[in-house]
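One letter stands for each residue in the lines below.
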Amino acid sequence: MASFGLGGLNAASRRKSVQSRNAAVERRNLITVCRFSVKTLIDRSCFETIDDSSPEFNNFAAILEQILSHRLKGQISWFGYESPRSFWDYIKVACRKVSHNCICSIENMENVSSSRAKGRAWIRVALMEKHLSEYISTALRDFKTIRRFYEDGAIVMGEEANMLAGMLLGLNAIDFSFCLKGEGLDGNYPAVIDYTPYLKFTQSSDSISSDEEELRTLGSTGSESSTPENIGPLFFLDENSWYNKCRRVEQKYQLTLEQKGYLEELVRLREAKLAESITQNKLLHQKIEAIDVAHKMEKEQLEYIIVELQDQL
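Counting restarts for each chain, with residues numbered from 1 along the sequence as it is written. Only residues with pLDDT of at least 70 get local features here, since the model is predicted, and only at 80 or more are side-chain atom pairs given and counted; chain-wide, interface and lining totals rely on the full set of residues. The side-chain figures draw on all heavy atoms in the structure; neither hydrogens nor water molecules are used.

If you look the chain up in an unreviewed UniProt entry, it shows as RUN domain-containing protein 3B from Sphaerodactylus townsendi.

Q: Explain the packing of helix H5 (residues 115-129) against helix H6 (residues 132-141) here, please?
A: The geometry of a pair of packed helices is captured by two quantities: the angle between their axes and the separation between those axes. Each axis is a line fitted through C-alpha atoms, taken for helices only over the stretch in contact, and angles between the N-to-C directions span 0 to 180 degrees. Under the DSSP-based scheme used, a helix requires at least four consecutive residues in state H or I and a strand at least two consecutive residues in state E, with every element numbered from the N terminus. Packing of H5 against H6 brings their axes to within 7 Å, and their N-to-C directions diverge by 120°. Considering the angle they form, H5 stands oblique to H6. Facing Trp122, Ala126, Leu127 and Glu129 of H5, the residues of H6 in contact are Leu132, Tyr135 and Ile136. Each residue gets one of three labels, nonpolar for Ala, Val, Leu, Ile, Met, Phe, Trp, Tyr, Cys and Pro, charged for Asp, Glu, Lys and Arg, and polar for the others, Gly among them. For the contact of H5 with H6, the class distribution of residues is 6 nonpolar, no polar and 1 charged. Roughly parallel covers angles under 35 degrees, roughly antiparallel covers those over 145, roughly perpendicular covers 65 to 115, and oblique covers all other angles. Residue contacts follow a heavy-atom distance rule, with two residues in contact if any of their heavy atoms lie within 4.5 Å.

Q: Explanation requested: unusual backbone geometry in the structure shown.
A: Both trends apply: most residues other than glycine have a negative phi, and most peptide bonds are in trans. One non-glycine residue, His100, lies in positive phi territory at about 55°. Tracing the chain through its elements places His100 in the loop between helix H3 (87-94) and helix H4 (103-107). The backbone of Lys130 sits at a positive phi, close to 60°, despite the residue not being glycine. For Lys130, the location among the structural elements is in the loop between H5 and H6.

Q: Any chance you could explain the packing of aromatic side chains here in plain terms?
A: For any two aromatic rings, the description comes down to two numbers: the centre-to-centre distance and the angle of the planes. Stacked, tilted and edge-to-face are the three classes applied to pairs of Phe, Tyr and Trp rings, where Trp contributes its six-membered ring and a pair requires centres within 6.5 Å; stacked means planes under 30 degrees apart, edge-to-face means over 60, and tilted covers the rest. What the rule picks out here adds up to 7 aromatic pairs. Ring geometry for Phe176 against Phe178: centres 5.5 Å apart, planes inclined by 25°, an arrangement best described as stacked. Buried means the residue's accessible area, taken with a 1.4 Å probe over protein chains only, is under 20% of the maximum for its type, while exposed means over 50%, and partly exposed covers the values in between. The exposure class of Phe178 is buried, given its relative accessible area of 11%. If you follow Arg35 out to its NZ or CZ, it ends over the ring of Phe36, 5.7 Å from the centre. Note on criteria: charge over ring means Lys NZ or Arg CZ within 6 Å of the ring centre, with the direction from the centre no more than 35 degrees off the ring normal. Positioned above the aromatic ring of Phe178 is the side chain of Arg124, whose terminal nitrogen or guanidinium carbon lies 5.9 Å from the ring centre.

Q: Please explain the pattern of salt bridges as it appears in this structure.
A: Two side chains of opposite charge can pair, provided their charged atoms sit close to one another. Salt bridge, as used here, is a side-chain nitrogen of Lys or Arg placed within 4 Å of a carboxyl oxygen of Asp or Glu. Scanning the entire structure with this criterion turns up 13 salt bridges. Across the pair Lys118 and Glu107 runs a salt bridge whose closest N-O atoms are separated by 3.1 Å. Note that Lys118 is positioned in helix H5 and Glu107 in helix H4, a separation of 11 residues in sequence. By sharing partners, the salt bridges in this structure join Asp89, Lys92, Glu107 and Lys118 into a single network.

Okay, here's the thing in structure tokens:
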């Protein structure tokens with residue numbers, strides 16, 4: 001009986017560790033693919049306007065929707081049944097504090113009825129207003145609302161949430177153009193992520209050289225391998241390998257340049273945000289000093305009035 005109890009405890013602990021590991025992998029995958037989608041959006045915006053027909057945007061919207069819907073709690077009805085929720089139910093509560101927010105305007109849209117469709121409309125409006133990062137930052141700071149809407153292990157409750165607002169900041173440099181009456185707002189179908197644009201297998205130089213050595217070895221085992229006619233293909237393989245290596249170096253260089261431009265844009269946006277924060281901080285200090293002066297003057301006036309009333313008494 002004791003061994004059976006220990007076996008059950010071990011199985012439960014293994015099951016719990018597997019579940020936690022799967023949840024961590026799922027969070028990491030969604031954040032990683034979100035970073036890739038933001039980068040592809042920024043790259044595509046250099047050549048064309050981003051709208052509803054852009055596959056890069058549709059993929060990004062699907063990724064963000066799944067991130068905000070990760071481990072979202074259901075809504076308990078009067079009869080005790082749990083009905084599924086949309087991330088819009090969380091956003092419209094957590095983002096009320098954003099100044100000049102678009103929550104009320106989306107709630108009053110006539111052609112958008114379902115909660116999921118309103119959430120998709122909010123993503124598009126926030127991108128056109130260049131406030132998506134601000135919305136997400138404000139929502140992630142409201143821990144009470146997060147606990148109310150999400151289960152343990154959700155992306156918005158983990159360390160990955162801190163990376164989300166930062167990577168979305170680069171989208172403020174893009175001019176989006178969306179139609180809020182298109183098929184992209186259809187809330188009847190869940191969002192599906194296309195992972196194929198981010199999957200790329202590159203063979204290392206070591207493995208390529210070993211493959212060429214195997215080809216040479218296989219070629220040299222034949223009876224005609226030592227004849228002059230078979231010398232040419234070996235040189236051709238060498239030239240081809242150098243060409244492939246040069247191509248890979250060129251691709252890495254182009255990728256590094258794109259990443260450099262992306263990081264420079266992020267730094268520029270962060271510096272602008274920092275300068276704006278410093279200016280607001282100075283204005284707040286000036287307001288506080290003015291309030292202190294007014295408070296002191298009011299206090300002196302009240303003290304003078306008290307002295308006069310005491311003299312009269």
